[in-house]
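What the coordinates show
So the chains spell out like this:
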Amino acid sequence: MRKRLKEKLKNQLSPEALSKVYSAFDIIGDIAIVKAPKNPADAQTVAKQIMTTHKKICAVYSQTSAIKGSHRTRQLTLLAGEDNPVTKYKEAGCTFTVDVEKCYFSPRLSHEHLRVASAVSRGEVVVNMFAGVGSFSVITARMVPETKVYSIDINPVAYQFMVENIRVNRVYNRVIPLLGDSKEIVEAKLQGVADRVLMPLPEKALGYLPAAVSALKKSGGWIHYYDFEHAVGEEDPVEKTETKVAEKLGSLGVRFMFAHSHVVRSTGPNWYQTVLDIQVAPQPNKL
Ligand SMILES: C[S@@+](CC[C@H](N)C(=O)[O-])C[C@H]1O[C@@H](n2cnc3c(N)ncnc32)[C@H](O)[C@@H]1O
């Protein structure tokens, strides 16, 4: 589908304008989000072509700000179609309702959702510290029997959609939605409960690592740690993340190993999203 759209736009836009459109082109349910060319006529060309090529698209929005703030949201401007940023999105057999303007949501993490859910064993307790509308949490609970997921987000709108997504996907008895700051919630009620902690918020992950460790059981467990890393030339973004995290865990006296690490995706020139699967050893001194 993307190839077909690119072919059609090739004759209507300059190569530079075309490559910018594709640097941020996402389809979420019946909504398309693009980084539209600055020239309004070019922006309209893109929007009209998307609606013609992708028949199920009801709205095309231009992303007019970076993803920002503690809720990790972005400003969107309607280019074509009906102004309704709420849509339904299907992933891994689950249906998610999401407001793409008031909540963080990216279909680019779908591979990670599945990868992490596949690593979970039957009966595990998981703490998702930055759950958004509940993608990792709901997919994990649907895929792995008898799991319990504490699913935390600080954005009240994302929390409301998470509650709805838990209900629609019928995992209400196994995904527990929690609204608030994950560090505070872990400190108050989730100390030593988890086999696995998910940290899908690169901007805060390092500062919240002590809370993640404290959420793990005394017998140890797993932390899935996401980061953004700048790397040029010979630099390895994964190694840079590992160095930073190793220092932090070392300073906390935590014994661990990096079981697996990789680049999830490129997020800009010389910028990468990385993930570390950290296996934390049993912590005998833990209360
Ligand atoms: C990158 S998004 C999560 C994406 C989600 N896991 C997914 O795969 O779609 C990060 C989320 O963390 C939430 N957040 C930011 N600061 C937080 C905090 N201190 N405690 C809990 N949630 C927080 C934001 O509201 C946002 O929904």
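Residues numbered from 1 in each chain as written. Predicted model: local features only at pLDDT ≥ 70, side-chain atom pairs only at ≥ 80, totals over all residues. Heavy atoms only, no water.

**Some details on helix α4 (residues 110-119)**
Among all positions of α4, only E112, H113, V116 and A117 are buried. Down the axis, α4 shows its buried residues gathered within 125° of arc, on one side only. Set apart from the buried face of α4 by more than 90 degrees, the exposed residues are H111 and S118. (Buried < 20%, exposed > 50% of the residue type's maximum accessible area, 1.4 Å probe, protein only. Helix = DSSP H or I, 4+ residues; strand = E, 2+ residues; numbered from the N terminus. Arc of directions from axis to C-beta.)

**Here's the deal with the state of the cysteines**
Under the criterion given, the structure shown has 0 disulfides. Residue C94 stays outside any disulfide, its sulfur separated by 17 Å from that of C103, the closest cysteine. Judged by relative accessible area, which is 1%, C94 ranks as buried. Accessibility expressed as a relative area gives 2% for C103, which makes it buried. (Disulfide = S-S within 2.5 Å.)

**Details of the sheet that holds strand β12 (residues 256-268)**
Ordered in space as β9-β8-β7-β10-β11-β13-β12, the 7 strands form an open sheet in which the pairing is mixed. Each edge of the sheet is formed by a strand with only one pairing partner; in this case those strands are β9 (175-179) and β12. Here the strands of the sheet are splayed against their neighbours by 15° on average, with no regard to which way each runs. The sheet contact formed by strand β8 (residues 148-153) and β9 spans 5 bridges and is parallel. Residue pairing across strands places Y150 opposite I176, the latter belonging to β9. (Pairing = 2+ DSSP bridges. Axes fitted to C-alpha atoms, helices over the stretch in contact; angles between N-to-C directions.)

**A word on the sheet that holds strand β2 (residues 31-34)**
Taken in spatial order, the 4 strands line up as β1-β2-β3-β4 in an open sheet, and their pairing is mixed. Taken across any chain shown, the strands that pair with only one partner, and hence form the sheet edges, are β1 (26-28) and β4 (76-81). Taken over all neighbouring pairs, the strand axes of this sheet differ in orientation by 25° on average, direction set aside. Taken together, the 4 bridges between β2 and strand β3 (residues 59-63) define a ladder with parallel strand orientation. Along β3, the bridge assignment pairs A32 with V60. The strands that helix α3 (residues 40-53) touches are β2, β3 and β4; relative to β4, the one it contacts most, it runs at about 55°. (Contact = heavy atoms within 4.5 Å.)

**Concerning the domain arrangement of the protein**
The domain boundaries assigned to the protein delineate domain 1 (2-84) and domain 2 (91-280). Using C-alpha coordinates to define each centre, domain 1 is positioned 29 Å away from domain 2. Contacts between the two partners involve 16 residues from domain 1 and, on the opposite side, 15 residues from domain 2. Here domain 1 packs against domain 2, burying approximately 1300 Å² in sum over the two surfaces, 57% of which is carbon and sulfur. Among the residues of domain 1 in contact with domain 2, I28, H71 and R72 are the three that bury the most area, contributing 42% of the side total. The interface formed by domain 1 and domain 2 holds 2 salt bridges in total. Across the pair R108 and D26 runs a salt bridge, and its minimum N-O distance is 2.9 Å. Linking domain 1 with domain 2 are 5 residue pairs in polar contact (both at pLDDT 80 or more), by the criterion used here. (Domains from an automatic or database assignment. Buried area = accessible area lost by both parts, 1.4 Å probe. Salt bridge = Lys/Arg side-chain N within 4 Å of Asp/Glu carboxyl O. Polar contact = N/O pair within 3.5 Å; in protein donor to acceptor, adjacent residues only side chain to side chain.)

**Considerations on the site of the ligand**
Residues in close proximity to the ligand total 21 residues, the closest being S70, H113, D153, D181 and K204. Between the ligand and H113 there is a distance of 2.7 Å, counted from an oxygen atom to a side-chain nitrogen or oxygen. Taking I154, its main chain carries an N or O atom lying 3.2 Å from a nitrogen atom of the ligand. When the ligand is considered free in solution it has 600 Å² of accessible area, and contact with the protein chains removes 98% of it. In this structure the site holding the ligand corresponds to the largest pocket. Tallied by class, residues from the shell around the ligand come to 10 nonpolar, 8 polar and 3 charged. (Near = heavy atom within 4 Å. Areas by Shrake-Rupley, 256 points an atom, 1.4 Å probe, with all protein chains shown as cover. 1 Å grid on protein atoms, 1.4 Å probe; cavity = no way out; pocket = protein on both sides within 12 Å on 5 of 7 lines; lining within 4 Å. Sits in = over half its atoms within 2 Å of the grid points. Nonpolar A, V, L, I, M, F, W, Y, C, P; charged D, E, K, R; others polar.)

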